[in-house]
Structures are given as C-alpha cells and as structure tokens.
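Single-letter residue listing:
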Amino acid sequence: MDQHNMDRKPGWPDNVGIQAIELIFPSQYVDQKELEEFDGVSEGKYTIGLGQSKMGFCTDREDINSLCLTVVTCLLERNSIDHASIGRLEVGTETIIDKSKSVKSVLMKIFEEHGNYSIEGIDTTNACYGGTAALFNAISWIESSAWDGRLAIVVAADIALYAKGNARPTGGAGAVAMLIGPEAPLIFDRGLRSTYMRHVYDFYKPNLESEYPVVDGKLSIQCYLSALDNCYQMYCEKADKIMPDKNQSLWNVNCFDSILFHSPYCKLVQKSLGRLVLNDFVRAQKAGSKDSYAGLEKFSDVKLEDTYFDKEIEKEFLVFSKGCFQDKTEPNLFLANQIGNMYTPSLYGGLVSLLIMKPVNVLAGSRIGLFSYGSGLASSFYSIRVSSNSSIGSKLDSLVKSLSHIQGQLESRKKVSPEEFSKILEHREKNHHLAPYTPSAPVADLFLGTWYLKHVDEKHRRDYERVPLSS
Ligand code: ACO
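What counts and what doesn't
Residue numbers run consecutively from 1 along every chain, following the written order of its sequence. Reporting of local features is limited, given that this is a predicted model, to residues whose pLDDT is at least 70; pairs of side-chain atoms are given and counted only at 80 or more, and all residues count toward the totals for whole chains, interfaces and linings. Values shown for side chains rest on all heavy atoms present in the structure; no hydrogens or waters enter the calculation. Two aromatic rings from Phe, Tyr or Trp, using only the six-membered ring of Trp, form a pair when their centres are within 6.5 Å; if the ring planes differ by under 30 degrees the pair is stacked, by over 60 it is edge-to-face, and anything between is tilted. To qualify as a helix, a DSSP run of H or I must reach at least 4 residues; to qualify as a strand, a run of E must reach at least 2; elements of each kind are numbered from the N terminus. Burial classes: relative accessible area under 20% of the type maximum marks a residue as buried, over 50% as exposed, and values in between as partly exposed (1.4 Å probe, protein chains only). Note on definitions: the grid is 1 Å and covers protein atoms alone; a cavity is a set of points where a 1.4 Å probe fits but cannot get out; a pocket is an open set with protein on both sides within 12 Å along at least five of seven lines; lining residues have an atom within 4 Å of a point. Grid points are joined across faces, edges and corners, and a volume is the space filled by probe spheres set on the points. Only strands joined by at least two bridges in the DSSP assignment are considered to pair. The rule for a residue being near a molecule or strand is that one of its heavy atoms must lie within 4 Å of it. A 3.5 Å cut-off defines polar contacts: any pair of N or O atoms within that distance qualifies, except that in protein one atom must be a possible hydrogen donor and the other a possible acceptor, and neighbouring residues in sequence count only when both atoms are side-chain atoms. Throughout, the Shrake-Rupley method with a 1.4 Å probe supplies accessible areas, and for residues the shown protein chains are the sole cover considered. The classification used treats Ala, Val, Leu, Ile, Met, Phe, Trp, Tyr, Cys and Pro as nonpolar, Asp, Glu, Lys and Arg as charged, and all other residues, Gly among them, as polar. Each residue after the first adds 1.5 Å to the expected span of a helix.

## Structural notes on the packing of aromatic side chains
Logical step 1: For the coordinates displayed, the defined rule picks out 21 aromatic pairs.
Logical step 2: Ring geometry for F57 versus F421: centroids 4.9 Å apart, planes at 70°, classification edge-to-face. With F57 in the loop between β3 (54-56) and α4 (64-78) and F421 in helix α16 (residues 418-431), this residue pair connects regions lying 364 residues apart in the sequence.
Logical step 3: On the basis of relative accessibility, which here comes to 2%, the residue F57 falls in the buried class.
Logical step 4: Judged by its relative accessible area of 3%, F421 falls in the buried class.
Logical step 5: On the numbers, 5.4 Å between centres and 90° between planes, the contact of Y224 with F371 is edge-to-face. Of the two residues, Y224 sits in helix α7 (residues 217-242) while F371 sits in strand β13 (residues 367-374), which places them 147 residues apart along the sequence.
Logical step 6: The rings of Y232, Y235, W251, F256 and F381 are connected pair by pair, giving a single aromatic cluster.

Dropping the structure here:
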C-alpha cells in the first residue's frame, strides 16, 4: 500500500458534491424594455442586443450581510439541516462593506444561537469568481485529512451595480447557498478541472467609498472569451486522457448534456457557446479529426486569439451552434434573463435554472460543464455529474422539489419604474457607508423571511432583523 492510501481515513468520501441548493433574489425589478426608453437608447439594445428582460436590484434595506443571512437561513430551514452538522462555511463575494470583518463572521449569528461555534471558512474575493473559489475550498476540505465528517455550506452573493451609462443594464443582485458533502446527487468530477488566471484591469473596484466598479467593457469581454478558450482547451485535454472516446473522437461540446457559463448578460453566453464550438473546430483541424463542421472549412487556418471581435466568425459559429445552444445552454439562462448579472452567484443561478427547467429523469445521469469567470482575472472550467444511482435518486428529487417555489416568487416581484429605480440607486449612492444611518425603504416590500438592515450605528455596527415567515 502506498503512503497516499495508508493515510486515507476509513470512510474517505465518495461522490462529493451539492446535496442541496437555495437561491434568493430581490423582491423588486426594473423592466429592461422600459429602461431602454428611459435611457434613450435604441429599442432592442438591452432586450435583444444584451438579451436581458428584467433586472433585480436592492433598496437600502438590503446589503451583502442581509442577503447572505437570508440565503443561509432559507437553505437550512427548507432542507431541515441541523445547525450542528455544518463544519465549514465559505462566502464568495465582491460586495465589500468592511475591510476586516468578514460576511462569514456575521453569518455565525445563525449558528451561535444553536451552540455551533466550530465552523471553518471565511470570505473569498475576486470579482465574480469568489463563489467558485469558495466552492473549491469546501470540496478540498471534505477531501482532506482535516475533514471531520460534517458538511460545508458555500455562499455566493453580490449586489451588482454600475454607474449611470452603458454598463448599468448589466447589473443585478442575488445569493446562492449550496450544501456540500458526500453521496450527493450533483457530483463534482475528480481530476477534471482547469484554471486560467492573469493580471489585467478589465473590471475592478479601487474606490472603496463607491459600490460601482471601474470597467473597460470591451476589454472585459475579450478577457472573458480568452479565459474561456484557455480553460476549455485545458479541460478537453484532460478529459481526452481521463475519458478517451472509443471512436477516437476528441472531447467536444456534445460530451456535455448542459453547459453553464458565468452570465454577465445572456447574449455573451450565447456567443460563448459558439466560441466553444469554434474551439472544438480548431482542435479537430489540428488533430486531423474527421468530425464534421460542414460549411466552416474556410476558417481552417483561424487563430483563436485573432477572433475576439471578428463578426463573420462570431456569426457563422452562432448559426452553426444554434441547436446546441437551445439544447444545452438556453434553459440555464432563465434566471440570468430575469434577474441580471448577480456576479458570484451568476453561474450557480445557471445551475438552479437548469434544475428548474429540465425534468428529473432527463437530469439523472447527465454531465454538466461549468465556466466560472471573475475579472482581474480568475477563471475555471469544471464539470458535474448528475447521479443516476437510484439510492441517490430520491435526493435529486428532493433537491429539485426544494426549488419549486422560485418561478412563482419571480412572478410575484414588484415592478418599479426606471425613474424610481434611478432614484433608489441615487439614494444608495449618497448613503453608502454613512454612519449612523437608518434605511428608509419599506420593509413591507420584502419577501417573507428576508433579513434586512435595521440600523447602522455611529460606530458602523450593523443591526439586522427578519421579516416574519408568515404575514
Ligand atoms: N437592437 C438590437 N441590438 C442592438 C441594438 C438594438 N437597437 N442596439 C445595439 N445592439 C447590440 C449591439 O450591436 C451589440 O451587439 P454585439 O455585442 O453582438 O456587437 C449589443 O447590442 C451591445 O451593444 P454595444 O453598443 O456593444 O453596447 P455597449 O458598448 O454600450 O455596452 C457592454 C455593452 C460593454 C457589455 C456594457 O454593458 C458593459 O460594460 N457591461 C459591464 C461589463 C461586462 O458585463 N463584461 C462582461 C464580462 S465581465 C463581468 O462579468 C462583469
């Protein structure tokens, strides 16, 4: 027996993955069609050009702590999770309200009341990638010698706001919490992860007094697409080694049943799926593979790095990949289209969309590819296998059932006019970081069970309360 195996504890966990998942979003939204008119841009720019329908946003009643308190409380309650069973809690966010005190430490409020003070984990930040980094930390803990048999919770949450101008319609807000542990219905593939990181200034938040980023929109798109190319190529090379195809075909998009992306806006995601097919095409050409790309032969000498803003290639691959997009990616954009870019939860909102949109029998046994991107930049491509094991099957059933309220809750949101939306953002802008401060937005507009900011005292200490679960 080698050293590695000798050191394994009995009960080394198998099928580590997502056992339960919860998503929350703001109770009000602005309509993107109305916003086009209000902003004086051409009709269709936000709805067709960016592919967005509605954008969720928070009033001054919600901040990053309250969003995370709500999503963790709801995850625990909806799934009857024992507070004592949690041994790690990680938060991924780029919505920073304190340079020292973590959001995770605020979440201890929920566990302290139940006598659990022994929970590892803290916050992780790098733009929209923090949630994925937090998730990888949680998986590592469960697969490590430090694991004590308890479960982990990973929270990804953000309030995505942009200054007035062309980036504003790509905002959003929300939070996702995932319960991570062994024998899960959504299992992380082992040995199949690829990562690409660089130092760039495409989107960053140097002004700690403001909630708004400094963003170079075009550069951020180029960085996103080049990170996707690099991660996907690395992932495919690994997959070709670990799971070689018996027909000698290279790993390609058809090896996935669903492909999820970080979703700044839906149109970029559709282009990204086309981009993966372009990557498959380039790999197939290099390897002399016989895979068929009818009509695309004229691009056989193309270099990926020359194509980020090549409209002809973009269009041809969009058309070629349309069926694949409709099958593997479009259903996963349901929440991104209705809420907007939630930053760190965006990719995991894609996972929730998939679980809502596809029937359990179609999900069982399927493989999901996931691309996570955070400006600055950090990115990874990894995959999840949905269990087809009948003993775990009932867990998949209950996981999916636990999300059945989401569509109804989306429909019950309050529509706010663009004028009012703009005023609310101005109010947030003026009062951000003010102390003492008492928020003024009505609590009655929040969903039942929402934690909200009650008061900030003169020492910047924040006090939260919860809307009762029933009215
Ligand atoms: N009808 C239909 N389509 C239209 C219309 C119209 N009336 N008007 C414009 N469009 C199309 C454009 O042709 C363009 O399509 P294309 O992307 O296929 O070329 C699209 O709508 C967007 O229009 P642009 O003029 O390119 O938009 P603009 O430059 O004003 O802003 C941007 C878009 C850069 C994405 C901006 O919203 C932004 O900076 N957002 C934040 C950064 C971001 O999300 N980056 C992505 C990755 S990083 C991250 O996640 C934060």
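## Regarding empty space enclosed by the protein
Logical step 1: On inspection of all chains with the given rule, the structure shows five cavities of 30 Å³ or more.
Logical step 2: Taken as a whole, the largest cavity spans an internal volume of roughly 200 Å³.
Logical step 3: Around the largest cavity, the lining is made up of 18 residues, and of these D60, R428, N431, H432 and R462 lie nearest the centre.
Logical step 4: For the lining of the largest cavity, the secondary-structure elements that each account for two or more residues are α16 and β16 (451-456).

## Let's talk about the pairing of strand β6 (residues 151-160)
Logical step 1: Within β6, 10 of the 10 residues are buried, which leaves it mostly tucked inside the rest of the structure.
Logical step 2: Going residue by residue along β6, you find L151, I153, V155, A157 and I159 tucked away on one face and A152, V154, A156, D158 and A160 tucked away on the opposite face as well.
Logical step 3: Of the strand pairs in this sheet, strand β4 (residues 86-92) and β6 are connected by six bridges, and their pairing is parallel. Within the sheet, the bridge partner assigned to G92 lies in β6 and is A156.
Logical step 4: Note: β6 against strand β7 (residues 172-181), nine bridges, orientation antiparallel. Across the sheet, the residue bridging to V154 is M178, located in β7.

## What about the site of the ligand?
Logical step 1: By nearness alone, 26 residues border the ligand, and E43, K45, S220, K271 and K311 come closest of all.
Logical step 2: Between a nitrogen atom of the ligand and a main-chain N or O atom of E43, the distance comes to 2.8 Å.
Logical step 3: S220 is positioned with one of its side-chain polar atoms (N or O) 2.7 Å from a nitrogen atom of the ligand.
Logical step 4: A total of 1000 Å² of accessible area belongs to the ligand in isolation, and the protein chains cover 78% of it.
Logical step 5: Among the secondary structure elements, those contributing two or more residues to the shell around the ligand are α3 (45-49), α7, α8 (266-287) and α9 (311-320).
Logical step 6: In the shell around the ligand, the residues fall into 10 nonpolar, 10 polar and six charged.

## Some details on α8
Since the α-helix turns once every 3.6 residues, residues separated by three or four places project in the same direction.
Logical step 1: With 22 residues, α8 should cover 32 Å at 1.5 Å per step; its first-to-last C-alpha distance of 32 Å lies within 8% of that length.
Logical step 2: Counting buried positions along α8 gives 17 out of 22 residues, so the element sits mostly inside the fold.
Logical step 3: Two residues or fewer after α8 comes G288, characterised by a positive phi angle close to 65°.

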